[in-house]
Amino acid sequence: NAGVTQTPKFQVLKTGQSMTLQCAQDMNHEYMSWYRQDPGMGLRLIHYSVGAGITDQGEVPNGYNVSRSTTEDFPLRLLSAAPSQTSVYFCASSYFELAAEQFFGPGTRLTVL
Amino acid sequence: AQSVTQLDSQVPVFEEAPVELRCNYSSSVSVYLFWYVQYPNQGLQLLLKYLSGSTLVKGINGFEAEFNKSQTSFHLRKPSVHISDTAEYFCAVSDAARGKLIFGQGTELSVKP
């Protein structure tokens, strides 16, 4: 199993550009989520999904869109990048059961100039 | 709404010394509690979790945590640390109803020889 994979590993954008961060998992997990990690702020939940076709907002959803057309994939779209979105982004997946262990991808380091 | 506070942003210790990383949480509903570890330039991995039952939970790499309901705390301990324990540690809470994971700000553990 590859687990949770994320692409790209690094990305530099200019303000106003759009892009999609890719996330895929091969563990047949129902639950997938996106976090951003900023120094001193821990991980903050952006969006999450409990299954294909179902998504919901987390703590910091503004400026991001998600969709879940398959169980395996959960892409995160930045519509118009801003410097405040400079961060490290982590995708995670788990079975949809209470207290299930979340498995994290290796992260995407995004810089917006 | 739940929240998690990690009381120390950085904890420097010498090798073979004991360590305690402190975590307090607030919630109006039943919760599950977690500790995750992030080694440099990697994603997060689960150290241990508390669901119910015994308040002392043992995890991987010799770590343990104690759930204290009256003090709403879930402190992480290790009796003797190694250089390889140098990492960032995150406390997290998941509410029993919805399953979303909320992270604390993180504690950087630095183990010196």
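Let us now look at unusual backbone geometry. Residue Pro8 of chain A is bonded to the preceding Thr7 of chain A through a cis peptide linkage, with omega at -5°. In this structure, Pro8 of chain A sits in the loop between strand 1 (4-7) and strand 2 (10-13). Located in the positive-phi region is Asn28 of chain A, a residue other than glycine, with phi close to 60°. Mapped onto the fold, Asn28 of chain A is located in the loop between strand 3 (19-25) and strand 4 (31-38). On the basis of relative accessibility, which here comes to 54%, the residue Asn28 of chain A falls in the exposed class. Phi is positive for Glu16 of chain B, which is not a glycine, with a value near 75°.

A few words now on the state of the cysteines. Residues and elements named next belong to chain A. Within this structure, the stated rule accounts for two disulfides over all chains. The side chain of Cys23 participates in a disulfide bridge whose partner is Cys91; the two sulfur atoms lie 1.8 Å from each other. With the S-S dihedral at roughly -70°, the linkage between Cys23 and Cys91 falls on the left-handed side. Here Cys23 is found in strand 3, whereas its partner Cys91 is found in strand 9 (residues 87-94), with 68 residues between them in sequence.

Listed by partner, the interface residues are 22 residues for chain A and 23 residues for chain B. Carbon and sulfur atoms make up 58% of the surface buried where chain A meets chain B, a total of about 1700 Å² over both sides. Here chain A and chain B share zero salt bridges between them. Linking chain A with chain B are three residue pairs in polar contact (both at pLDDT 80 or more). For the side of chain A that touches chain B, the secondary-structure elements that each account for two or more residues are strand 4 and strand 5 (42-51) of chain A. In terms of residue count, strand 5 of chain A provides more of the side of chain A that touches chain B than any other element does, four residues in total.

Here we take up the pattern of salt bridges. Scanning all chains against the criterion turns up seven salt bridges over all chains. The residue Asp38 of chain A makes a salt bridge to Arg36 of chain A at a minimum N-O spacing of 2.8 Å. Looking at Asp38 of chain A, the relative accessible area reads 10%, which means it is buried. Assessed through its relative accessible area of 9%, Arg36 of chain A is described here as buried. A salt bridge links Lys78 of chain B to Asp85 of chain B, with the shortest nitrogen-to-oxygen separation between them at 2.8 Å. No difference in accessibility class separates Lys78 of chain B from Asp85 of chain B, as the two residues are buried. Three or more residues are tied together by salt bridges with common partners; here these are Arg36, Asp38 and Arg44 of chain A.

Let us look at the sheet that holds strand 7 (residues 64-66) of chain A. Residue and element names in this part refer to chain A. Spatially, four strands are ordered 1-3-8-7 in an open sheet, and the strand pairing comes out antiparallel. Every other strand in the sheet has two partners, leaving strand 1 and strand 7 as the edge strands with one partner each. Each adjacent strand pair in this sheet contributes to an overall mean axis angle of 20°, direction not counted. Bridge count for strand 3 against strand 8 (residues 76-78) is three bridges, and the pairing is antiparallel. From the neighbouring strand, Thr20 faces strand 8, where its bridge partner is Arg77.

Thresholds applied
Here, residues in each chain are numbered from 1, in the same order as that chain's written sequence. Chains carry letters from A onward and ligands carry numbers from 1 onward, assigned in written order. Two thresholds apply to this predicted model, a pLDDT of at least 70 for residue-level local features and 80 or more for giving and counting side-chain atom pairs, whereas whole-chain, interface and lining totals are computed over all residues. As a rule here, side-chain values come from all non-hydrogen atoms in the structure, and water together with hydrogens is ignored. The secondary structure listing takes helices from DSSP runs of H or I that are at least 4 residues long and strands from runs of E that are at least 2 residues long, numbered from the N terminus. Partly exposed residues are those whose accessible area sits between 20% and 50% of the maximum for their type, while under 20% is buried and over 50% is exposed, using a 1.4 Å probe and protein chains only. Disulfides are defined in this document as cysteine sulfur pairs within 2.5 Å. Only heavy atoms enter the contact rule, under which two residues are in contact if any of them lie within 4.5 Å. Summed over both partners, the accessible area lost on bringing two parts together, with a 1.4 Å probe, is the buried area. For salt bridges, the criterion is a side-chain nitrogen of Lys or Arg within 4 Å of an Asp or Glu carboxyl oxygen. Two N or O atoms count as a polar contact when they lie within 3.5 Å, although within protein this holds only if one can serve as hydrogen donor and the other as acceptor, and sequence-adjacent residues are included solely when both atoms are side-chain atoms. Here the rule is simple: two strands pair whenever DSSP picks up at least two bridges between them. Here, axes are lines fitted to C-alpha atoms. For helices the fit covers the stretch in contact, and angles between N-to-C directions go from 0 to 180 degrees.

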